[in-house]
Structures are given as C-alpha cells and as structure tokens.
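# Chains, contacts and geometry: an overview
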Amino acid sequence: MPVADTLVDTDASVTDASRTTHVDPQTASAAGFVPQQSRAERAASFDIGAFPLPSGREEEWRFTPVKKLAALLAEGATGHLDWTTSLPEGVTTSTISAGEARDLGILPPQDRAAVLAAASAGGAVLVDVPAEAELTEPVRIRLDGSGSDPVHAHVVVRAGRFSKAVVVVEHAGSARVSELLSVVTGDGSDVTVVSVQRWADDAQHLAQHDALVGRDARFTHVSVTLGGAVVRVNANVRYAGPGADATLLGVYFADAGQHLEHRSFVDHNAPHCKSRVTYKGVLQGETARTVWVGDVLIRAEAEGTDTYELNRNLVLTDGARADSVPNLEIETGEIEGAGHASATGRFDDLQLFYLQARGIPEDEAKRLVVRGFFVDVIREIPLADLRDEITAAIEEELATTDYAAPIQQTPSQHASKEN
Amino acid sequence: MSTQHTLEIKGLTVSVETEDGPKEILRGVDLTVKSGETHAIMGPNGSGKSTLAYSVAGHPKYTVTGGTVTLDGEDVLAMSVDERARAGLFLAMQYPVEVPGVTVSNFLRTAKTAVDGEAPKLRTWVKDVKTAMGNLKMDPAFAERSVNEGFSGGEKKRHEILQMELLQPKIAILDETDSGLDVDALKIVSEGVNRAKDASGLGVLLITHYTRILRYIKPDFVHVFVDGKIVEEGGPELADRLEEEGYDRYATVPAVQA
Ligand SMILES: Nc1ncnc2c1ncn2[C@@H]1O[C@H](COP(=O)(O)OP(=O)(O)OP(=O)(O)O)[C@@H](O)[C@H]1O
Ligand SMILES: [Mg+2]
C-alpha cells in the first residue's frame, strides 16, 4: 500500500438509516453546517426553484469556494464552447429538447449548477449508440473554451442494449462551465465514460455526470482532473435493474491555486448490484486543494449489494490540503459486502531512499513512485492510447514540481493528517 | 580478479536527530574494505551497525558530524544517495522497502540503466535477469509483482541479492541479510554473494548477529562493534569466540571511555 505507514482516516462516517434521522442539532450547529441528512433526502429535481443560490454552508457545497463561482451559479449563460467530435461508425449525434432529454429517463440534477445546465443549455446534444453496436474506436468529444462568459452544456449519451462503447470527453482552454452529462445504458451493455479535465489555469468547471445503468450492464466512469482553477466533478450512479456493475474512478493532480473536487454517489436502489469507487490524487504546492466525498446508499430493496470505495491522496509538499469523506449508509442487512477506506499521506521518503540507493536519480524516483501510486486506477482505463496519454499528462504535471530542496525529513515523521 | 577498489571509512562520527536534540550513535569508526575482501561486523542490538550502513549509503536521517568516507579516493559523503550507488556502492537493507505499483522488472531495468549510464541490451538483459532469478530460486512471477510488496522476509532478502548481482557494485554492505532466513534460503543467498565475489571481485561488508552465515561466506576479517565503534578486530576465529562468549566482556570496557 502506497501510504501504508501513514494511513490516516479522515472524517470518515458510517451511518445507518436509524442514526441519520437523529442528528444532534447541537453538534450540527457547532460544526457550522446544515445538519447531515440521509443522501436519499437530498434534492434532485429539474426545477431551478429547488436549488437556491448556495451559501457554502450546505452539505453539498461546504468544501467548494462558492463565492468565486457566482457567475456560474447565476441564471443566464452567454458564453460558448467549441465542440469537436469524432464518431465511430454507427454512432450519431443530434440535438434534443430539455423535455426530450428528460423523457429518456436521465437522472435529475442534484445541485444548482446541474439544474442550470439542464434548464438553460437550450436542449441537449444526444450521442446515440445503437443496440448491439460494439465500438472498436472511442466516441471522442472535445470541448474547448476561450473566454470567461458562463456556459451551460448538457450532453446525453444513450447506449442501447448489449452495446459496448467508450466515450471520451475532453475539456481544455479557458472557460466557466456548468455541465450535465447524462448517460442511460441499456440492459447488458458495457459503457465507459472518461472525462478529462485539462483546462487552463483560470477555468471553472462544475459538472454532474450521471448514469442510469441497465440491468446486468457494466458502467465505468473515469475522471481525470489535471487543469483548471476550480473543478468539481460529481459522478452519480443509479441502477435500472438488478445484476449491474458500476465502477467510478478518478485521478487528480492539484498544483498551487487549484481546487479540484470529486464527489460520487452510488445509489444502490436495486438488488445484486456491485459498485467500486476508487479515487486517487496527488497534491503539490502551497495552496493545492482537493476534496473527495464518496456517498454510497444501500437502500432496503438493494439486497445482495457489494460495494467498496477508496480514496488515497499523496501530498508532495507542505501547505497542500486534501479532504476525504466517505459516507456509507446501509438500510439492509442482506448485503454481500460494504466497505470504505480513506488515507492521506506524505510522500514516502523511505521509498525514495530505496530507489535512489539503487542509483535512480531523485526526479526519476519520484516519477516512479507517483506512477506506481496511480497505476491501479490507470490500468482500468480501457484504451492503451488513452492510458499513455493520461500517464504522460500526469508526468508533465510532475515535471513542473519544484524539487529544488532535497527532502530532509526523517522517515519516521512523514505521517500527516490533512484536516 | 578485476580492478582493485577501496572503501575507506575514517573516524566516522554520526548522530541522529531526537526530541532531546542530536544523539551520537557512531563514535569514530575506522574501517577499510577492498575488492575481494569480506569483512564481518558483529555486535549487539542497537550498537549502531545499521547506522554505519545507512550513513555510508547516504540516508538523510543520519547526520555525519565528523570523519571521512572515500571510495577509490573520491569523497562519498559529498555525493547524493543515487550518486553513491552509481559510484559502485550497494546496500542490501535489513528492512527492504515496499514500492507499490512499481514492478520488479521495471525497477531492475531502471536501476541498471541508471548505474550503467545506458539502457542494457534488451535480449541479454532479459536473459541475465532470468538466470539470476533462477540461481536465487525466485519464481519468474516476481518480475511482474510490485517491488517488495507482500514479499516474505526471505523473499525480500533474495530480492536484495538479486539486485546486487545484476547491478554489479564494487563494494556491497549487507545489513543482516541472513536474519529471518531458514537454512536453505541462507545457502541460496550465500551462494549469490559468493558468485558476485567470484565474478567481479566484490568487496563485502557483512553485518550480522550470528556466525551461521559465516559458514557459507568466509570472512577475511571480523570486527566487533559495540556502542558505536569497533572494539576488537581479528580473523575468522574471533567469530567463533563471539559465538561462545557473546558480547558481555565488551559491555563494560571501552564503551564508556569517552
Ligand atoms: N531517531 C532516533 N532517536 C533515538 N535513537 C535512535 C534513533 N534512530 C536510531 N536510534 C538509536 O541508534 C542506535 C543504533 O541503531 P542501529 O539501528 O544502527 O543499531 P543496530 O546495531 O543495527 O541494531 P540491530 O542489531 O537491532 O539491527 C539504537 O540504540 C537506536 O535506538
Ligand atoms: Mg540493524
């Protein structure tokens, strides 16, 4: 385990239904937050009125720098993104109305950014993968920004039954974007969505990526977040039937001045479904900031659920801060398994010493360790080209790290709690 | 035998940072190891044997407060950890470190490339690794596992010797490579060390608690290490005496001198 010596559980909470309804109001107000409620009670709606402007005290916004996001959280959007799409044979795109998008069974927005994207994007772009199509090439959508006017975007991916598809959405340039990506997958399908955030330093990106996963289907979502000033990607899963398998993955690399937030919510609402959530992040630089909040709700009807979520953060320099909050709510005892792990640790100087003691120069040793840290997530990305691209992009991030001063820390004092 | 190399340690004093300020651990170590020679260092727990090994390798935890370390006249203490390794020093660690996500084969190739200054020829390299693993009775599957992750104590030690054989250092320090090994593994590991001695005239500094390994790796010199310094030196017969008498007779003598 990469940070085995420095395992620190951060703010982990495991709740069951009976306890979540009995939050002590005193404790809650002392913490300065709106009392924690069951994730099942969180607003989910296509109605803008259901989501007032956040103050930053709400559970779903408490880590996010909402003040910086005023333009993006206001109604009305005037900016635009340049779209470049590459579609394998058989895949089509079209524009549909907001109402048509809803009729496809997409999940409702769960915060203000998402509801604005749904309501005021002027309809949605539908990417249609026909039933039984087995794509050998990925669907690629590239969104380029070149301004600071807010943009609302809604993309819907519909994958027919028994189809097999990889959809890659890349984000680059300068922009302020609220994005809703809604995936609806058919029975027995196998769909992977990879969202790559390589924004310019000033970009803001609030995203909700949802999937309604078909019966016996497999769904994988991968967030790769490297660029942007404030980026928040929330990945949500619900099941349309039993026997489905969802994997939510994330890799992120935060430099000074970046706020990179990932939230995931797996709503186990059907029996015999499986979910795996794995997010890994590296932080470098004084003000680098990351947040991971992983919600899993196992409803009473979700017997035979098998779920595990994990978040690991590797802190390369002083002053960076990683928050890591797994929330597991269990409403039935009839489950296969449910677990979570969360750890934030300093770079392991012993590993570095060991590699250097074999002649490997310090910068290369660091690259090896970071690459090794991410490898189990990167490995899950289905395309070799894409894996290489992402690995190269991460190493580019690492190359910009200033390692001028050799680490003089003793091996025994590298544990740190980042809250 | 190939070129002669000399590791020379003179008057080495080393301290570690503790909560109550620096604590001196090495109190003036003098030791010279030449190619082809095998020196055994024996001493009680906590006497500073690992400190000596780590200090020569350049571990940042240890602060050298006095003395010199040279390899063929070059100032080792002025080198970074990786420069020391590339200069030809090798430390087989008492507790090898796990490096998750980095495969043994990638690690070995990266290290070999760094030490040689160029990538090894692929075909001969693959064969060399296979042969070396075979000699050490390591399952080829280890090549694709993460470095030391989930290895048993004995497997970790074999992996250290594997690296030593492949990287072909000038002088190797083996820090309790024998501890935690059963007799079979001890023989296998000892054979690896002897192979390296025969092949390249490796000079060996063997740190150990027990004389057991000295049956398989014959020392030319035995040094008794107590309280941060060498208190007695002799030939192989000294090891036998230590086996019988232990370190008690040193406990009260020169240690408090300073
Ligand atoms: N950070 C530290 N603070 C205080 N004492 C330390 C620290 N690090 C090492 N020491 C002490 O230095 C001394 C030498 O340790 P070292 O590991 O070199 O001994 P050793 O001879 O290798 O022992 P062993 O036979 O158990 O391997 C020990 O007494 C140890 O407790
Ligand atoms: Mg020791």
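This report concerns the structure included in the present document. (Residues numbered from 1 in each chain as written. Chains lettered and ligands numbered in written order. Predicted model: local features only at pLDDT ≥ 70, side-chain atom pairs only at ≥ 80, totals over all residues. Heavy atoms only, no water.)

Let's shift gears to unusual backbone geometry. With phi around 60 degrees, Phe162(A) is a residue other than glycine that occupies positive phi space. Looking at where Phe162(A) falls in the secondary structure, it is placed in the loop between β5 (139–159) and β6 (164–185). One non-glycine residue, Asn148(B), lies in the positive phi region at around 65 degrees. Here Asn148(B) lies in the loop between β8 (146–147) and α5 (153–167). According to the relative accessible area criterion, Asn148(B) is buried, its value standing at 0%. (Helix = DSSP H or I, 4+ residues; strand = E, 2+ residues; numbered from the N terminus. Buried < 20%, exposed > 50% of the residue type's maximum accessible area, 1.4 Å probe, protein only.)

All names here are of chain A. Counting buried positions over the eight residues of helix α6 (residues 349–356) gives seven, a clear majority of the element. For α6, the complete set of buried residues consists of Asp 349, Gln 351, Leu 352, Phe 353, Tyr 354, Leu 355 and Gln 356. Its side-chain oxygen placed 2.9 Å from the backbone nitrogen of Leu 350, Asp 348 serves as the N-cap of α6. (Polar contact = N/O pair within 3.5 Å; in protein donor to acceptor, adjacent residues only side chain to side chain.)

This part takes up the sheet that holds strand β10 (residues 203–208) of chain B. All names here are of chain B. Here we have six strands laid out as an open sheet, ordered β6-β9-β10-β3-β11-β12, and mixed in their pairing. Here the strands that pair on one side only, and so sit at the sheet edges, are β6 (89–92) and β12 (229–234). Looking at each pair of strands side by side, their axes are set apart by 20 degrees on average, direction ignored. Where strand β3 (residues 38–42) lies against strand β11 (residues 221–226), four bridges are found, and the strand directions are parallel. Directly across from Met 42, in β11, lies its bridge partner Val 224. (Pairing = 2+ DSSP bridges. Axes fitted to C-alpha atoms, helices over the stretch in contact; angles between N-to-C directions.)

In this section: the interface of chain A and chain B. The interface is formed by 23 residues belonging to chain A together with 34 residues belonging to chain B. Buried surface at the junction of chain A and chain B, summed over both partners, amounts to about 2,200 Å²; 69% is from carbon and sulfur atoms. The largest per-residue losses of area from chain A upon contact with chain B belong to Phe353(A), Tyr354(A) and Arg358(A), which jointly make up 37% of the total buried on that side. Summed over the shared surface of chain A and chain B, the result is one salt bridge. (Contact = heavy atoms within 4.5 Å. Buried area = accessible area lost by both parts, 1.4 Å probe. Salt bridge = Lys/Arg side-chain N within 4 Å of Asp/Glu carboxyl O.)

Another point: the coordination of the magnesium ion (ligand 2). Coordination of the magnesium ion (ligand 2) by the protein is provided by Ser50(B) (OG) and Gln94(B) (OE1), with metal-donor distances spanning 2.0 to 2.3 Å. Residue Ser50(B) is located in helix α1 (residues 49–57), and its partner Gln94(B) is located in the loop between β6 and β7 (99–103); the two are separated by 44 residues in the primary sequence. (Donors = N, O, S within 2.8 Å, 3.2 Å for Na, K, Ca; no water.)

What follows covers the site of ligand 1. All names here are of chain B. Near ligand 1, the surroundings consist of 17 residues, among which Ile 25, Asn 45, Lys 49, Ser 50 and Thr 51 are the closest. Measuring from an oxygen atom of ligand 1, one finds a side-chain N or O atom of Gln 94 at 3.2 Å. When isolated, ligand 1 has an accessible area of 650 Å², and the protein chains bury 69% of it. At the level of elements, β1 (6–18), β2 (21–34) and α1 are the ones that each hand at least two residues to the shell around ligand 1. Here the residues of the shell around ligand 1 sort into three nonpolar, nine polar and five charged. (Near = heavy atom within 4 Å. Areas by Shrake-Rupley, 256 points an atom, 1.4 Å probe, with all protein chains shown as cover. Nonpolar A, V, L, I, M, F, W, Y, C, P; charged D, E, K, R; others polar.)

With that settled, consider the pattern of salt bridges. Residues and elements named next belong to chain B. Tallied over the full model, the rule gives 33 salt bridges over all chains. We note a salt bridge from Arg 86 to Asp 82, for which the minimum N-O separation is 3.0 Å. Here Arg 86 and its partner Asp 82 are both found in helix α2 (residues 81–87), four residues apart, which amounts to about one turn of the helix. Given the relative accessible area of 6%, Asp 82 is considered buried.

Here we come to the nonpolar core. The tendency in soluble globular proteins is for nonpolar side chains to be buried side by side. Membership of the largest hydrophobic core comes to 116 residues, with the highest contact counts inside it found for Phe374(A), Ile394(A), Leu7(B), Ile9(B), Leu52(B), Met164(B) and Leu174(B). Ranked by residues supplied to this core, first place goes to helix α7 (residues 362–378) of chain A with eight residues. Apart from the residues within four sequence positions on either side, Leu174(B) is in contact with Ala92(B), Ile161(B), Met164(B), Val193(B), Val204(B), Leu205(B), Leu206(B) and Ile207(B). Of all hydrophobic cores here, the second largest spans 55 residues; its members include Val129(A), Val191(A), Trp292(A) and Ile298(A). (Core = buried A, V, L, I, M, F, W, Y, C linked by side-chain atoms within 4.5 Å.)

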